[in-house]
Amino acid sequence: FTDPTYIQKHMEESVKAIVAAGFDGVKLDGCGQFRNLTWWGQLLNETGRSVMIENCHWGETVPGQTTGDAPCTGTTMPSNCPYNFFRSSQDINPSWKSIFHNLQTTIKYQGNPPLSRPGTWAYPDMLEVGNMATYNEDRTHFGAWCIVSSPLILGHDLTNEALTDKIWPIISNTEAIAVNQAWAGHPGRLVKQWGGVGGNDMQMWAKALPEGKQAVLILSNNDGNMTASIDLEKDIGMSGTVSVRDIWNHKDLGKATGTFSAGTIETHDSRFYIFSQ
């Protein structure tokens, strides 16, 4: 469509339909003549109804841009971008290669100040939990989206009760979800990676939590078992003795000083902890 009058009518009528249907959110793709997210935001706000906007421009429209479909600094609190979360990646698929790749696309928005923040979150696409090859991959995938504060949108067949029951311990893990929802100044970051030809057979991610706590996810990108440990002061800035909580197993692991061993981590599995003083 090229007629400005038609484009305006299309957008105005679309907004009316969204509100009339009672939708709480809308996904706006980066194609066609309807890419102007600032305009979408204005039209939706004028209705008086709160509607969440997913910016699905596949990493092409992001915070910090001064031109394009949604100029914004992305550094205000909350973010001044006219969308609530933005795709940092291309479309996901239920393979380890895809989820690992999409996770890496969040890194560029984890700087100082971070561009993934309240009001506008970096989003590496929907969850494939339940569709992955193994339970370990399902769990690691969920933990990875939690540690980087990504929106958690289920992508499995919700009518498949047996599948939902299988992954229920993962998607209903309130401790993991609490990490995802917490805000203490940063959305979570890649702390370090090591091993293998590409130097990323293992990765350690961390997110600051309120009350000086730190959440840590260690994940395996390796085809075999590997051991891992956390240097508490160097990796997450915690000195002295800390308490350790195992998020996956809902278990207190006692105290640690200096270094904490995560033990042996199997292929594409993970360890998820909270450290507190």
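On a predicted model such as this, the values are computed, not experimentally measured, just so you know. (Residues numbered from 1 in each chain as written. Predicted model: local features only at pLDDT ≥ 70, side-chain atom pairs only at ≥ 80, totals over all residues. Heavy atoms only, no water.)

A. Just the sheet that holds strand 5 (residues 189-194), in detail. Strand order in this open sheet of six strands is 5-6-7-12-9-10, and the pairing throughout is antiparallel. Unpaired on one side and paired on the other, strand 5 and strand 10 (251-257) mark the two borders of the sheet. On average, each strand axis in the sheet is inclined to that of its neighbour by 25°, with strand direction left out of account. Where strand 9 (residues 241-246) lies against strand 10, five bridges are found, and the strand directions are antiparallel. What sits directly across from Thr-241, in strand 10, is Thr-257. (Pairing = 2+ DSSP bridges. Helix = DSSP H or I, 4+ residues; strand = E, 2+ residues; numbered from the N terminus. Axes fitted to C-alpha atoms, helices over the stretch in contact; angles between N-to-C directions.)

B. View of the sheet that holds strand 2 (residues 52-56). As summarised here, the arrangement of the four strands in space is 1-2-3-4, forming an open sheet in which the pairing is parallel. Looking at the sheet topology across the chains shown, the edges are occupied by strand 1 (25-29) and strand 4 (121-123). Put simply, the sheet's adjacent strands are angled 25° from each other on average, direction ignored. Relative to strand 4, strand 3 (residues 85-87) is paired through three bridges, and the arrangement is parallel. Bridged to Arg-87 within strand 4 is Tyr-123. Packing of helix 2 (residues 37-46) onto the sheet brings it into contact with strand 1 and strand 2, and relative to strand 2 it is tilted by some 170°. (Contact = heavy atoms within 4.5 Å.)

C. Looking closely at helix 2. Those residues of helix 2 that sit buried are Leu-37, Trp-40, Gly-41, Leu-43 and Leu-44. The buried residues of helix 2 occupy an angular sector of 165° when projected down its axis, which confines them to one face. In helix 2, the exposed positions angled more than 90 degrees off the buried face are occupied by Asn-45 and Glu-46. Where helix 2 is buried, its residues contact helix 1 (4-20), strand 1 and strand 2. Its side-chain oxygen placed 3.2 Å from the backbone nitrogen of Thr-38, Asn-36 serves as the N-cap of helix 2. One or two steps after helix 2, the chain reaches Gly-48, where phi turns positive at roughly 85°. (Buried < 20%, exposed > 50% of the residue type's maximum accessible area, 1.4 Å probe, protein only. Arc of directions from axis to C-beta. Polar contact = N/O pair within 3.5 Å; in protein donor to acceptor, adjacent residues only side chain to side chain.)

D. Molecular detail of the packing of helix 4 (residues 135-147) against helix 5 (residues 161-171). Direction vectors running N to C along helix 4 and helix 5 enclose 40°, while the axes themselves pass 10 Å from each other. Taken as axis vectors, helix 4 and helix 5 run oblique relative to one another. The two elements helix 4 and helix 5 cross, and the hand of that crossing is right-handed. Residues Tyr-135, Asp-138, Arg-139 and Phe-142 of helix 4 form the contact with helix 5, whose participating residues are Lys-166, Ile-167, Pro-169, Ile-170 and Ile-171. For the contact of helix 4 with helix 5, a count of residues per class yields six nonpolar, no polar and three charged. (Parallel < 35°, antiparallel > 145°, perpendicular 65-115°, else oblique. Left-handed = near helix turned anticlockwise from the far one by under 90°. Nonpolar A, V, L, I, M, F, W, Y, C, P; charged D, E, K, R; others polar.)

E. Structural view of the environment of Ala-206. Mapped onto the elements of the fold, Ala-206 is located in strand 6 (residues 202-208). With a relative accessible area of 0%, Ala-206 lands in the buried category. Between the C-alpha atom of Ala-206 and that of His-186, which follows or precedes it by 20 residues, the distance is 9.8 Å. Leaving out residues up to four positions away in the same chain, Ala-206 has contacts with Ile-147, Gly-188, Arg-189, Val-191, Gln-214, Ala-215, Val-216 and Ile-236.

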